[in-house]
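These are the residues of each chain, in order.
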Protein chains: 2
Amino acid sequence: MDTQHPAERILLGPGPSPVSARVLRALAAPTLGHLDPQYLAIMDEVCDMLRAVFLTKNALTFPVSGTGMAGMECIAVNLVEPGDEVIVCVNGVFGGRMKDVMSRCGATVHALEAPWGETFDHEAIAAALERHPRTKVVGIVQAETSTGAHQPIAGLAEIVHRAGAMLVVDAVTSLGGHELRVDDWGIDAVYSGTQKCLGCPPGLAPVSFGERALAAMDARKAPVQSWYLDVSMLRKYYTSGGGGRVYHHTAPINMTYALREALAIVLEEGLEARWARHAAMHARLRAGLESLGIGYVPARSLHTLNCIHIPPGADDAAVRRRLLEEYGIEIGAGLGAMAGKAWRIGLMGHGATVRNVDLVLTALAAVLGRR
Amino acid sequence: MDTQHPAERILLGPGPSPVSARVLRALAAPTLGHLDPQYLAIMDEVCDMLRAVFLTKNALTFPVSGTGMAGMECIAVNLVEPGDEVIVCVNGVFGGRMKDVMSRCGATVHALEAPWGETFDHEAIAAALERHPRTKVVGIVQAETSTGAHQPIAGLAEIVHRAGAMLVVDAVTSLGGHELRVDDWGIDAVYSGTQKCLGCPPGLAPVSFGERALAAMDARKAPVQSWYLDVSMLRKYYTSGGGGRVYHHTAPINMTYALREALAIVLEEGLEARWARHAAMHARLRAGLESLGIGYVPARSLHTLNCIHIPPGADDAAVRRRLLEEYGIEIGAGLGAMAGKAWRIGLMGHGATVRNVDLVLTALAAVLGRR
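Residues numbered from 1 in each chain as written. Chains lettered and ligands numbered in written order. Predicted model: local features only at pLDDT ≥ 70, side-chain atom pairs only at ≥ 80, totals over all residues.

Novice: Before we go on, may I ask you to explain the packing of helix H2 (residues 37-54) of chain B against helix H9 (residues 253-269) of chain B in this structure?
Specialist: Packed helices, taken two at a time, are described by the angle between their axes plus the distance between the axes. Residues and elements named next belong to chain B. Contact geometry for H2 and H9: axes closest at 9 Å, N-to-C directions at 40°. Viewed along their axes, H2 and H9 adopt a mutual orientation that is oblique. In this structure, the crossing between H2 and H9 has a hand that is left-handed. Here H2 contributes Tyr39, Ile42, Met43, Glu45, Val46, Met49, Leu50, Ala52 and Val53 to the contact with H9, which in turn contributes Ile253, Thr256, Tyr257, Leu259, Arg260, Leu263, Val266 and Leu267. For the contact of H2 with H9, the residue count by class is 14 nonpolar, 1 polar and 2 charged. (Axes fitted to C-alpha atoms, helices over the stretch in contact; angles between N-to-C directions. Helix = DSSP H or I, 4+ residues; strand = E, 2+ residues; numbered from the N terminus. Parallel < 35°, antiparallel > 145°, perpendicular 65-115°, else oblique. Left-handed = near helix turned anticlockwise from the far one by under 90°. Contact = placed C-beta atoms within 7 Å. Nonpolar A, V, L, I, M, F, W, Y, C, P; charged D, E, K, R; others polar.)

Novice: Would you mind showing me how to read the relation of the copies chain B and chain A here?
Specialist: Mapping between the two copies of the chain is achieved by a rotation about an axis and a shift along the axis. Note on the copies: chain B fits chain A at an RMSD of 0.0 Å, the axial shift is 0.0 Å, and the rotation between them is 180°. With respect to symmetry, the two chain copies, as superposed, fit the operation of a two-fold axis. Of the residues that chain B buries at the interface, 100% are likewise interface residues in chain A, meaning the two copies contact each other through the same surface. (Least-squares fit on C-alpha atoms with pLDDT ≥ 70 in both.)

Novice: Looking at this structure, I do not really get the domain arrangement of chain A. What am I missing?
Specialist: It is common to give the size of an interface as the accessible area that goes away when the parts come together. Residues and elements named next belong to chain A. On domain assignment, one finds that chain A holds domain 1 (10-16 + 271-367) and domain 2 (21-267). For domain 1 versus domain 2, the distance between C-alpha centres works out to 26 Å. Between domain 1 and domain 2, the residue contacts involve 26 residues of the former and 27 residues of the latter. For the side of domain 1 that touches domain 2, the secondary structure elements donating two or more residues are helix H10 (271-291) and strand S11 (305-309). With 4 residues, H10 is the single largest residue contributor to the side of domain 1 that touches domain 2. Residues of the side of domain 1 that touches domain 2, tallied by class, amount to 14 nonpolar, 9 polar and 3 charged. (Domains from an automatic or database assignment.)

Novice: Any chance you could explain helix H8 (residues 231-238) of chain A here in plain terms?
Specialist: Side chains of residues three or four places apart in an α-helix project in the same direction, reflecting 3.6 residues per turn. Residues and elements named next belong to chain A. Residues of H8 that are buried: Val231, Leu234 and Tyr238. One side of H8 carries all its buried residues, which in axial view fall inside an arc of 60°. Next to the buried residues of H8 lie helix H2 (37-54), strand S2 (60-64), helix H3 (68-79), strand S10 (205-209) and helix H7 (211-218). (Buried ≥ 20, exposed ≤ 12 C-beta atoms within 10 Å, placed from the backbone. Arc of directions from axis to C-beta.)

Novice: What should I look at first to understand the pairing of strand S2 (residues 60-64) of chain B in this one?
Specialist: In the case of a regular strand, side chains alternate between the two sheet surfaces. Residue and element names in this part refer to chain B. In terms of burial, S2 is a largely internal element, 5 of the 5 residues being buried. With 5 bridges joining them, S2 and strand S10 (residues 205-209) adopt antiparallel strand pairing. When the bridges of S10 are listed, Thr61 appears paired with Ser208. (Pairing = 2+ DSSP bridges.)

Novice: I keep staring at the sheet that holds strand S12 (residues 329-333) of chain A and nothing clicks. Help me out?
Specialist: In any sheet, the strands associate via hydrogen bonds between backbone groups, in a parallel or an antiparallel arrangement. Residues and elements named next belong to chain A. Taking strand neighbours across the sheet as the criterion, the 4 strands line up as S1-S12-S13-S11 in an open arrangement whose pairing is mixed. Edge positions in the sheet fall to strand S1 (10-12) and S11, since each has one partner strand and no second. Recorded for the sheet is a direction-independent mean angle of 30° between the axes of neighbouring strands.

This is how it looks when you write it as structure tokens:
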């Protein structure tokens, strides 16, 4: 197979999403040193832009030097230590991973489970907090990429804070595509990835920590188990301007250029316009799928990720292979409990266009023999 | 400051090193999905090429999705668990970091110290192993980036293995620039970074694990504290061909293209020719520096990183700033105990050329008023 010339796919799976020519060009700019004044200015701008996209004033907002799961782990290792109790809401693969990651930090994890595809009532979370009054952190996934379920977050922080806990939100598949208001919603820590609705290649994980999270980190008894992700050191690089900056590790320089360009595109479009575009493309896709007789797995679907039932009689792998080979379109297979039962069609960032929606509907109809 | 057009620096610091146009072009190729058959072929090829560059047959050889320090942490969290005893050789910043990282894994770390700039006699390591007969791992830095000291590794594994321990080597600033023979030298686990002598931007950390390391991981009692870096899961993605591959996290796709191209360039030149080029450029720089009356910090200097005394009367920051502003040349400041006392001139990968050596000598002479 040709390993030198990656094909021009239309990425309509669960991520990575299509990357615009503008972002790819930015990625290929000359490499600067990680302590070069110009690079530090770029990094500062990226952090400012991330604050704008997260809708937060949190000083400690920066891209972790890893992919989305490194963002999850960064928040877990810094906020959770041995002996802590946490509640993790599990209704799919990524809630399950958060449970695993927080367990590895030495916490006692109380898993609040919901069937795959469903979301959590805030009352159920309030009840779990009453059952576990020592809870330090409640972790929840806004956009469960394995099921396409869209978890309501607004209003939840009040319940969590009333119980003396912090709210941690996984926004990997929502940031830049779905409404997310870190400050207005009172979220204490949030992480995302660059390769979903931000339209950037994978390689960085934007995170943001609020005041409660900072206080919890300052009050830690145990050292952070990860050196690479230890925010007590990272913040000396990312939030100390000028001469106070302390080298920690060599950041992924060129990926930072790409993220800067991707965030510029997000802010040029405007967050609300972007959310509306993702909503409109989801509605367009949904109407087309329903006319093909294809239904959705979750009752409350994400706009950014459409998890649909594989129609009876369709050969899962063969359909996806034909879409890839004949149309250059990638859609996602089912993940975990959904393997073989669902497809996942992502409409994220640069990929959420009328052109792509109509093309994938046309291609699916053709491959399924529906026309 | 202009944050949209990164300047064309000549990167002669401790890394990142200059990235060729060929590698930057590869970086900007269209983004594939991380489970696309073409991407898997690219990843397999990268792993094959890494084996060639590490001079190993180790099946478990792959790029960790983070920068160099993520590679160090990946090896530490997988090989070391609470209750283990390890010996870490500390003669600079990066040995000190390895000690810190392994401590965070719950190990009892016996630090074997040497003055900054010096290296370790193998006899001293043998004696430490006698003092600490329960030692599981000996960690050592081949290329100490903070002091420029070049640690001999050949022959050490026999001593370490005779004591029943494993040898872990930091090759961040040596891989692709200095002789390193993972199999012939019996190294059990090794990590590096892409942004030094491989000539690729930062963002990936090549690692390789040998048979002893695999057996130690299989015999673990405690779960690996990092989910992101847990090799028991990562190996199902990186070493299982075809249908057996299990998704773990979204790899940094475009960085993988860049690494493929950078490794192709290394192998086209040939490892021995590349080592010889780095040796020749070091000799050329050294002769020029000595004619300017500038001496080296370490007795046994790396070819890839030249740590030199700041001449009496020279203003550390002002000289570096003038090199950057007037010549577009980055050299490194002293790090840790060397801050304000040393400069670090890197000649790595694409940057180790006659053109760059003669230019930095000319520029230094001009800025220091030596001509």
